[in-house]
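Descriptive analysis of the structure
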Amino acid sequence: MLKVLRSKAKMLEDLNSQTTFSLVEGGYLEDGKGLSNWDVFTHIPGNIKNNENGDDADDDYHLFLEDAEIAQSLGVNAYRFSISWARILPRGRFGEVNPGGIKFYNKIIDNLLLRGIEPFLTIHHFDLPQELEDRYGAWLSPLMQDDFLLLAETCFKSFGDRVKYWTTINEPNMFAEMSYVRGLYPPAHCSPPFGNCSVGNADIEPLIVVHNMLLAHGKAVKLYRERFQSKQGGSIGLVVHLHMYEPLRDVESDRQAVNRALAFTGGWVLDPLVFGDYPPEMRQYHRSELPRFSSEETEYMRGSIDFIGLNHYSTLYAKDCIHSPCVLGGDHFIRGFTFTTGERDGILIGEPTGVERFYVVPRGMEKIVDHVSKRYNNMPIYVTENGYCPPLTEAAPNLLHDVNRINFYNGYLAALSRAIRKGADVRGYFAWSLMDNFEWAGGYSSTFGLYYVDRLTMNRTPKLSAKWFQHFLANRSSERFNRQRFVNRTPKSGRVRKSKYIVIATTNANATDV
């Protein structure tokens, strides 16, 4: 997809598609896969909306060839996907490598390359073997660093001869927020005022978890650079989730709150990987709970990314909680003493979507890319997630005739182009997501996909936005896109017709969950 923006903005190279292990993969416990933390969590009533689970998800484990064909038909040239840790190492370092998992991901990678699509592989995206949680608390323990290092080494050895783009961990800051502050993801730790879990400390545990994740990343990158990178010729980074923030009030304290909100979210993760330590905004309000890096750790942490993966969806207002009273935890260190909201004087910052605190604010894309570019010395950036989920009350026909999603992408891509023209080194863009899938605690009710998936038949049906993307990637401007042609025609159900121009590799592999 980036090649489209290069032809239009003369700066981007590709636009791409992505999917994530358990969100689409399915293949629950097939071919040697072990039990993951999400497998356990989703089977506990009340944890997931409508008590849904990812046992089948989009059945990508068995339908990957079809999904790769869909991606190719859109015209993308890169495909971001994630490894299911429990499929590769079902018991972590307490067991053996699962040959079935290696075989499955090899077939994914090989088929993508046959189609001219570059694999963009994320090693860890929220899921992990349940045994590691049971044995020592997973990311709350420094022991997890060695387990992750084994996973990373296994991936480098098995796939690195063909994979040239790696991200170690997806959204450590969002993982800590959802799992250890709000308690909505496994292992469901939290404490008041953020939640009422049976266990957890939201002021301390997130700091420990992110610290262990960052050290695990640093060790994996050190290993990759010392043993694999020169031979395999790849690059490696990490993905961070970032809202943009604007001051709630036109006062200096709220402008400082914006800076803290950015530092206590994205800076929390990226500053150690670029500069070797946590942001000065965090150190300024240092408590003993904020970990420190040893001199040896600082040495391998500093400069441990070749690029920044940026997941961005929305913009919020920020209000100072140091000099002003706040509610909902804004007066806590873990929140940067900042209260964030999508509403000011009864007016929303942007159109609401189907996800809490995700509002349509295209200008935020330009601002957040500009911020990241300036703070981190214009490092290469890949926008690794950006997409739209309609309000959950939207009628079924509008889910296919998704003009609002097209407007979202138009606005956000235009804002991204402005950031590029200002000098940001953006190398790629991934739309979230190729198809509707299992969206974590939201189950199947959140629909980000360019394709609709029938939950009974698993048929994939292109939405209007898929047609728009196909034309966009074919370098046809929106002016030449005949909206009426598509809006007045109901998309046919059923699977996408196979194109005679698409090469399909023959394989005997059982498709797994990608």
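A brief structural summary. (Residues numbered from 1 in each chain as written. Predicted model: local features only at pLDDT ≥ 70, side-chain atom pairs only at ≥ 80, totals over all residues. Heavy atoms only, no water.)

Side note on helix α8 (residues 143-159)
Going by this rule: Comment: elements are numbered from the N terminus, with helices defined as DSSP H or I runs of at least four residues and strands as E runs of at least two. The span one expects for a helix is its residue count, reduced by one, times 1.5 Å. Relative accessible area decides the class of each residue, using a 1.4 Å probe on protein chains only: under 20% of the type maximum gives buried, over 50% gives exposed, and in between gives partly exposed.
Here α8 is 17 residues long and its end C-alpha atoms lie 25 Å apart, about the 24 Å a rise of 1.5 Å per residue gives. With respect to burial, α8 is a largely interior element, 12 of its 17 residues being buried.

A short note on helix α18 (residues 464-473)
Burial analysis of α18 places 8 of its 10 residues in the buried class, the great majority of the element. One or two positions beyond α18, positive phi appears at Asn-475, with a value near 70 degrees.

Some remarks on the packing of α8 against helix α10 (residues 205-227)
Formally: Lines fitted to the C-alpha atoms define the axes, with helices restricted to the stretch that makes contact. Angles between their N-to-C directions range from 0 to 180 degrees. Left-handed describes a crossing whose near helix is turned anticlockwise from the far helix by less than a right angle; the clockwise case is right-handed. Residues are treated as being in contact if the distance between any of their heavy atoms lies within 4.5 Å. Any residue that is not Ala, Val, Leu, Ile, Met, Phe, Trp, Tyr, Cys, Pro, Asp, Glu, Lys or Arg is counted as polar, Gly included; the first ten are nonpolar and the last four charged.
Here α8 crosses α10 at 35 degrees, and the two axes come no closer than 9 Å. Relative to α10, the crossing made by α8 is right-handed. Residues Gln-145, Asp-146, Phe-148, Leu-149, Ala-152, Glu-153, Phe-156 and Lys-157 of α8 lie in contact with α10, whose contacting residues are Asn-212, Leu-215, Ala-216, His-217, Lys-219, Ala-220, Leu-223, Tyr-224 and Arg-227. Classifying every residue of the contact of α8 with α10 gives 9 nonpolar, 3 polar and 5 charged.

A short note on the packing of aromatic side chains
For clarity, the cut-off: Classification of ring pairs rests on two measures: the distance between centres of Phe, Tyr or Trp rings, Trp counted by its six-membered ring, which must be within 6.5 Å, and the angle between planes, read as stacked under 30 degrees, edge-to-face over 60 and tilted in between. Definition used: whenever NZ (Lys) or CZ (Arg) falls within 6 Å of the ring centre and also within 35 degrees of the ring normal, the charge is taken to sit over that ring.
For the coordinates displayed, the defined rule picks out 42 aromatic pairs. Aromatic side chains Tyr-313 and Phe-448 sit 5.8 Å apart centroid to centroid with 70 degrees between the ring planes, which places their arrangement in the edge-to-face category. Residue Tyr-313 is found in the loop between β7 (307-311) and β8 (315-320), and its partner Phe-448 is found in the loop between β15 (426-431) and β16 (451-453); the two are separated by 135 residues along the sequence. Within the aromatic cluster, the residues linked to one another by ring pairs are Trp-38, Phe-41, Phe-126, Phe-175, Tyr-180, Tyr-185 and Trp-440. In this arrangement the basic side chain of Arg-135 is found over the ring face of Phe-94, its NZ or CZ atom lying 3.7 Å from the centre.

Considerations on the sheet that holds strand β6 (residues 244-247)
What counts here: For two strands to pair, DSSP has to find at least two bridges joining them.
Taken together, 3 strands build an open sheet; the order of strands is β6-β8-β9 and the sheet is mixed. Looking at the sheet topology across the chains shown, the edges are occupied by β6 and β9 (338-341). The sheet shows a mean angle of 40 degrees between the axes of neighbouring strands, direction not considered. The pairing of β8 with β9 spans 4 bridges and is classified as antiparallel. By the bridge assignment, Lys-319 is partnered in β9 with Phe-339.

Looking at the nonpolar core
Counted only if it meets this: Only buried residues count toward a nonpolar core. Its members are Ala, Val, Leu, Ile, Met, Phe, Trp, Tyr and Cys residues joined through side-chain atoms within 4.5 Å.
Formed by 144 residues in total, the largest nonpolar core has its most connected members in Trp-139, Phe-148, Phe-159, Trp-166 and Val-369. Beyond its immediate stretch of four places on either side in the chain, Phe-148 contacts Trp-85, Ile-123, His-124, Trp-139, Thr-168, Ile-169, Ala-216, His-217 and Ala-220. Counting 5 residues, the second-largest nonpolar core is a separate cluster that includes Ala-78, Phe-120, Phe-307 and Phe-430.

A word on the pairing of strand β3 (residues 118-124)
Burial of β3 is extensive: 6 of the 7 residues sit out of reach of the surface. Pairing geometry for β3 and strand β4 (residues 165-170), over 4 bridges, is parallel. Opposite His-124, over in β4, you have Ile-169 as the bridge partner.

Some thoughts on the state of the cysteines
Note the following rule: Cysteine sulfur atoms that come within 2.5 Å of each other are treated as a disulfide pair.
In the structure shown here, the tally under the stated rule is 2 disulfides. Here Cys-190 is linked by a disulfide to Cys-197, with a sulfur-sulfur distance of 1.9 Å. Between Cys-190 and Cys-197 the sulfur-sulfur dihedral comes to about 110 degrees; the bridge is accordingly right-handed. The class for Cys-190 is buried, based on a relative accessible area of 2%. Relative accessible area serves as the criterion here: at 24%, Cys-197 is assigned to the partly exposed category. Once the bonded cysteines of the chain are numbered in order along the sequence, the disulfide links fall as 1-2, 3-4.

So yeah, pure geometry; function would need other evidence.
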